Amino acid sequence: MNRPISAPTVVNLELTEICNLTCRHCYNFWREDGPGALSFDRETFDRLIDELSSAGVFHVVLTGGEPFSKFELLEYAVERLAKAGMTMSCNSNLTLAKPDNCKRLADKGLDHILTSLPSPDPETNDYLMRGKGTFERIMRGIEAAVGAGIRVSLNMVLTKQTIDQVYITGRIAKEKGCQKLFVTRAVPPTYQHGRMPDDLYPTPAETRRALEDALRVKADFGVMIGTLVSYPLCFLGDLEKFRDFVGRGCPGQSGAFMSVYVNGDTHACVHEAKGYGNILERPITEVFQSRELRKWHTGGHHYSGCEGCPYLDICDTGCRMNAWAHNGSLDGRDPLFVGPHVFKRHFEVVTDTEAERKIRNDEPLVAPARLRFRAEDGFHLLNIRWGNTIQVADDVAEFLIARRDSGAAFTLSEFGRERADELIGLYFKDAVEMPGHPVSDQRDKAGLGWDPQALRKAAR
């Protein structure tokens, strides 16, 4: 298990409650009472960004509501975060996106938008998003964002109505120039708990079929795939086959994530209604290290049936909010849980044996300028890209910082031959690069979520 850290590395920041749609699967805990009308003002937003910056937050996800419904605030947020040295992305339904406002965001520093496409069928999409013409508007929004040079990823929440539409959605992603398709399991909103409609949530067999279709999307169209909500690793079984769905884990339990509501209240998970303190009233480090929030970070909500599983600290016993929705307890059983010790194949960190051979033979490596670091108590955080962060020893961080700042190449012999597996893991994690060996796995766009050291340990 990762050691607890002083503050989050990724913050999901809700700029506004305002939204132009009321999607049936919307996770916002206040959604049942209506779209909402609260938004940050600039003065409060500035205070908040100063707080995040001082705590060493690396990445901020700008979300809502619908951020484009408060476009001037969204534009200001992107500009302000870029000046503060934090990377950012945006979650949007893109129905309000236009070529001009997308270009303005790109010019200010936004390079990625995650957008929803519940269904490739216009009628079904309108039904799920509760709005007329939503499919066509999303298509135009994607074209506007891609045309402005912004990377776009599609998120498809799996429902009974869409479970057989993954492949078609993947084709659309390819045709529209999207880089990735997230095939995300539905999480029952808090306001549906105890009265979940049976016609919305797929069965385990249907879910597995959808993941198989996602593999076909990757193979046939070259579109990256993943999920925003973790699948229990025992449900996947063959971790090498389903490697694109490994490592996401549970952001709330990762010990690195915090969701901030528009009034400053904090949550461990974006699907959660319970708050843990307000960072406009208390320092973010104090809130993040509070006893109740630390319970998320230290396995306090693990399901007891997962005890003994080698992947426990990677999987974190699946989605805790799904467990709560179905069983009434955060430490309950994820409905997709199968059981430990069922793995057909383990996750392989090394995907290119020639690259591994070159590293072991002292092929020069470099620490790219994009690397960011944060000192903790007895170790460092290494941020690779965007919200992709792992823990490393102090001496490893110091070595990489020196090479990053000088631009000097280095070899395994200089890094330490006794740490060969660690350096090889850093290479496949995208933390170091090999100028003489081009890669073809899109790692520069993937934001790889797995921890090489933890996966190697689990597979032993």
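The text that follows walks through the structure, step by step, so that each part is easy to find. Think of each chain on its own: its residues are numbered from 1, step by step along the sequence as written. At least 70 in pLDDT is required for a residue's local features to be given in this predicted model, at least 80 for side-chain atom pairs to be given and counted, and no such filter applies to totals for whole chains, interfaces and linings, which use all residues. Neither water nor hydrogens contribute to the side-chain values; these are computed over all heavy atoms in the structure.

1. Some points on the overall build of the chain
Okay, so step 1: Broken down by element type, the chain carries 18 helices and 12 strands.
Okay, so step 2: Throughout, radius of gyration means the C-alpha value; the globule benchmark is 2.2 Å times the number of residues raised to the power 0.38. Taking 2.2 N^0.38 as the reference for a compact globule, 460 residues should give roughly 23 Å; the C-alpha atoms of the chain span a radius of gyration of 21 Å, in line with that estimate.
Okay, so step 3: Taking the principal axes of the C-alpha coordinates as reference, the chain spans close to 60 × 50 × 45 Å.
Okay, so step 4: When a residue's accessible area, from a 1.4 Å probe over protein chains only, is under 20% of the maximum for its type it is buried; when over 50% it is exposed; and in between it is partly exposed. When burial is assessed residue by residue, the chain has 59% of its 460 residues classed as buried.
Okay, so step 5: Contact definition: two residues touch when any of their heavy atoms are within 4.5 Å. Taking contacts inside the chain between residues at least 6 apart in sequence as the whole, the part at least 24 apart equals 72%.
Okay, so step 6: The Shrake-Rupley method, run with a 1.4 Å probe sphere, supplies the accessible areas, and residue values consider only the shown protein chains as cover. For the chain, the accessible area works out to roughly 18,200 Å², and carbon and sulfur atoms hold 48% of it.
Okay, so step 7: Under this rule, positive means Lys or Arg and negative means Asp or Glu; His and the chain ends count for nothing. Taken as the charge location is NZ of Lys, CZ of Arg, CG of Asp or CD of Glu. Positive and negative charge centroids in the chain, built from 57 and 63 side chains respectively, lie 2 Å apart. Strands here mean DSSP runs of E at least two residues long; helices mean DSSP runs of H or I at least four residues long; both are numbered from the N terminus.

2. What about the side chain of Thr95?
Okay, so step 1: Summarising the element assignment, Thr95 is placed in the loop between strand E3 (87–92) and helix H3 (99–108).
Okay, so step 2: On the basis of relative accessible area, Thr95 is assigned to the buried category, the value being 5%.
Okay, so step 3: Distance and chemistry together define a polar contact, namely a pair of N or O atoms within 3.5 Å, with one atom able to donate a hydrogen and the other to accept it when in protein, and with adjacent residues in sequence counting only for side-chain atoms on both sides. A polar atom in the side chain of Thr95 sits 2.7 Å from the side chain of Asn20.
Okay, so step 4: Polar side-chain contacts of Thr95 include one of 2.6 Å to the side chain of Asn93.
Okay, so step 5: Excluding anything up to four places from it in sequence, Thr95 contacts Asn20, Leu21, Thr134, Arg137 and Ile138.

3. Observations regarding the sheet that holds strand E10 (residues 372–375)
Okay, so step 1: In this scheme, strands are said to pair when DSSP sees at least two bridges between them. Pairing is antiparallel in the open sheet, where 3 strands are placed in the order E10-E11-E12. Single-partner strands in this sheet number two, and they are E10 and strand E12 (388–392). Within the sheet, the average angular offset between the axes of one strand and its neighbour, ignoring direction, is 25 degrees.
Okay, so step 2: Geometry is summarised by axes, namely lines fitted to C-alpha atoms with helices restricted to the contacting stretch, and by angles between N-to-C directions that run from 0 to 180 degrees. Running at roughly 145 degrees to E10, helix H14 (residues 394–406) makes contact with E10, strand E11 (380–385) and E12 of the sheet.

4. Notes on the pattern of salt bridges
Okay, so step 1: Here, a salt bridge means any side-chain nitrogen of Lys or Arg that lies within 4 Å of a carboxyl oxygen of Asp or Glu. Taken as a whole and judged by the stated rule, the model has 29 salt bridges.
Okay, so step 2: Glu143 is paired through a salt bridge with Lys176; the nearest N and O atoms lie 2.5 Å apart. Of this pair, Glu143 sits in helix H5 (residues 134–147) while Lys176 is found in the loop between helix H6 (166–175) and strand E6 (180–185), placing the two residues 33 residues apart along the sequence.
Okay, so step 3: Given the relative accessible area of 41%, Glu143 is considered partly exposed.

5. Points about the nonpolar core
Okay, so step 1: In this structure, Leu13, Leu62, Phe68, Leu236, Leu382 and Leu400 are the most contacted members of the largest nonpolar core, which totals 138 residues.
Okay, so step 2: Of the residues forming this core, the biggest block, 7 residues, is contributed by helix H2 (residues 71–83).
Okay, so step 3: Discounting residues that sit within four places of it in the chain, Leu236 has contacts with Arg208, Leu211, Tyr231, Phe242, Phe245 and Val246. Residues grouped as a nonpolar core are buried Ala, Val, Leu, Ile, Met, Phe, Trp, Tyr and Cys residues, joined through side-chain atoms within 4.5 Å.

6. Things to note about unusual backbone geometry
Okay, so step 1: A cis geometry characterises the amide bond from Gly64 onward to Gly65, with omega recorded as 25 degrees.
Okay, so step 2: Turning to its location among the elements, Gly65 is positioned in the loop between strand E2 (59–63) and H2.
Okay, so step 3: A positive phi angle is found at Asp362, which is not glycine, with a value near 70 degrees.
Okay, so step 4: Asp362 gets classed as partly exposed once you look at its relative accessible area, which sits at 25%.

7. Quick look at the sheet that holds strand E4 (residues 112–116)
Okay, so step 1: In space, the 9 strands of this open sheet follow the order E7-E6-E5-E4-E3-E2-E1-E8-E9, with mixed pairing throughout. The sheet is open, and its two edges are formed by strand E7 (224–226) and strand E9 (266–267), each paired on a single side.
Okay, so step 2: Here E2 pairs with E3 via 4 bridges, running parallel. Counterpart to Val60 in the pairing with E3 is Met88.

8. A few points about helix H16 (residues 420–428)
Okay, so step 1: Of all 9 residues making up H16, 8 are buried, and the element is well covered by its neighbours.
Okay, so step 2: Turning to H16, its buried residues number three or more, namely Ala420, Glu422, Leu423, Ile424, Gly425, Leu426, Tyr427 and Phe428.
Okay, so step 3: Note on H16: the residue one or two positions beyond its end, Asp430, has a positive phi of about 85 degrees.

9. As for the pairing of strand E8 (residues 257–260)
Okay, so step 1: Burial of the side chains of E8 extends over both faces: Phe257 and Ser259 are buried on one face and Met258 and Val260 on the other.
Okay, so step 2: As judged from the 4 bridges shared by strand E1 (residues 10–14) and E8, these two strands associate in the parallel manner. When the sheet's bridge partners are listed, Val10 is paired in E8 with Phe257.
Okay, so step 3: As judged from the 2 bridges shared by E8 and E9, these two strands associate in the antiparallel manner.

10. With respect to the side chain of Thr162
Okay, so step 1: Its place among the elements puts Thr162 in the loop between strand E5 (151–158) and H6.
Okay, so step 2: Relative accessible area serves as the criterion here: at 0%, Thr162 is assigned to the buried category.
Okay, so step 3: Beyond its immediate chain neighbours, meaning those up to four positions away, Thr162 contacts Pro118, Ser119, Thr124, Leu128, Met156 and Val157.

11. Brief notes about the environment of Asn93
Okay, so step 1: By secondary structure assignment, the location of Asn93 is in the loop between E3 and H3.
Okay, so step 2: On the basis of relative accessibility, which here comes to 8%, the residue Asn93 falls in the buried class.
Okay, so step 3: When the C-alpha atoms of Asn93 and Pro67 are compared, they prove to be 8.9 Å apart, with 26 residues separating the residues in sequence.

12. Some words on the packing of helix H1 (residues 42–55) against H2
Okay, so step 1: In contact at an axis separation of 11 Å, H1 and H2 are set at 30 degrees when each is read in the N-to-C sense. The pairing of H1 with H2 is recorded here as roughly parallel in orientation. Seen along the crossing, H1 lies across H2 with a hand that is right-handed. Contact with H1, carried on its side by Arg42, Phe45, Asp46, Ile49 and Asp50, involves Glu72, Tyr76, Ala77, Arg80 and Leu81 of H2 and no other residues of that element.
Okay, so step 2: A breakdown of the residues in the contact of H1 with H2 according to their chemical character gives 5 nonpolar, no polar and 5 charged. Small angles under 35 degrees read as roughly parallel and large ones over 145 as roughly antiparallel, with 65 to 115 read as roughly perpendicular and the rest as oblique. In this scheme the handedness of a crossing depends on how the near helix is turned from the far one: anticlockwise by less than a right angle means left-handed, clockwise means right-handed. Just so you know the grouping, Ala, Val, Leu, Ile, Met, Phe, Trp, Tyr, Cys and Pro go in nonpolar, Asp, Glu, Lys and Arg go in charged, and all remaining residues, Gly too, go in polar.

13. As for the packing of H6 against helix H7 (residues 204–221)
Okay, so step 1: Direction vectors running N to C along H6 and H7 enclose 30 degrees, while the axes themselves pass 8 Å from each other. Comparing their axes, H7 and H6 come out roughly parallel. For the crossing formed where H6 meets H7, the hand is right-handed. Between H6 and H7, the contacting residues are Val166, Tyr167, Gly170, Arg171 and Lys174 on the first element and Ala210, Asp213, Ala214, Arg216, Val217, Asp220 and Phe221 on the second.
Okay, so step 2: Across the contact of H6 with H7, the residue classes break down as 6 nonpolar, 1 polar and 5 charged.

As far as function goes, none of this settles anything; it's purely spatial.
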